Amino acid sequence: MAFQTHLNDDKNEQEKSYRDFSLDRPGKIIFVGHHLSTGTQARCLIRTINLAGAVLEVSPTLEVPNHFFLEILGIRDEIGSTVVKREGELVTISFNMLINAEFLHHVLRLSFEADV
């Protein structure tokens, strides 16, 4: 399932989708608190990722905030994220900004190297 964004352009609706990559890599959801504090964290499994977002698997009892930072295991950068939808254990998120294609390549390469 490709992550899609919809843009309105003079009544012509354009659809842009990004290629999903299977990742299956552990990650952390970092809750954003008062004054942008980041004390609370929860584990997740990043199932798929693309330039615009990802699909996470979380505990069904975890209440995922609408806005949070996502950290991918092995990469110290935090990605600002927003929940798009939730279906049981699967949470579809969009990144607050498109991630750099080179960064995505790095994430995928790390995952591949870990499998070898």
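Please read all numbers here as calculations on a predicted model, not as lab measurements.

Thresholds applied
Residues numbered from 1 in each chain as written. Predicted model: local features only at pLDDT ≥ 70, side-chain atom pairs only at ≥ 80, totals over all residues. Heavy atoms only, no water. Pairing = 2+ DSSP bridges. Helix = DSSP H or I, 4+ residues; strand = E, 2+ residues; numbered from the N terminus. Axes fitted to C-alpha atoms, helices over the stretch in contact; angles between N-to-C directions. Contact = heavy atoms within 4.5 Å.

**Section: the pairing of strand S6 (residues 67-72)**
Then, number 1: Note that strand S3 (residues 21-31) and S6 share five bridges and pair antiparallel. Of the residues in S6, the one forming a bridge with Ile30 is Phe69.
Then, number 2: Following S6, the chain reverses through five residues before pairing antiparallel with strand S7 (residues 78-87); Gly74 in that reversal takes a positive phi of roughly 90°.

**Some remarks on the sheet that holds strand S5 (residues 53-57)**
Then, number 1: Overall, antiparallel pairing links the six strands, which are arranged S3-S4-S5-S8-S7-S6 in a closed barrel. When the angles between neighbouring strand axes are averaged without regard to direction, this sheet yields 45°.
Then, number 2: Pairing geometry for strand S4 (residues 41-49) and S5, over four bridges, is antiparallel. Looking at S5, one finds that Ile46 is bridged to Leu56.

**Here we look at the environment of Pro26**
Then, number 1: Looking at where Pro26 falls in the secondary structure, it is placed in strand S3.
Then, number 2: The sequence separation of Pro26 and Leu56 amounts to 30 residues, and the corresponding C-alpha distance is 9.3 Å.
Then, number 3: In this structure Pro26 touches Cys44, Leu45, Ile46, Ile72 and Leu73, once residues within four positions along its chain are discounted.

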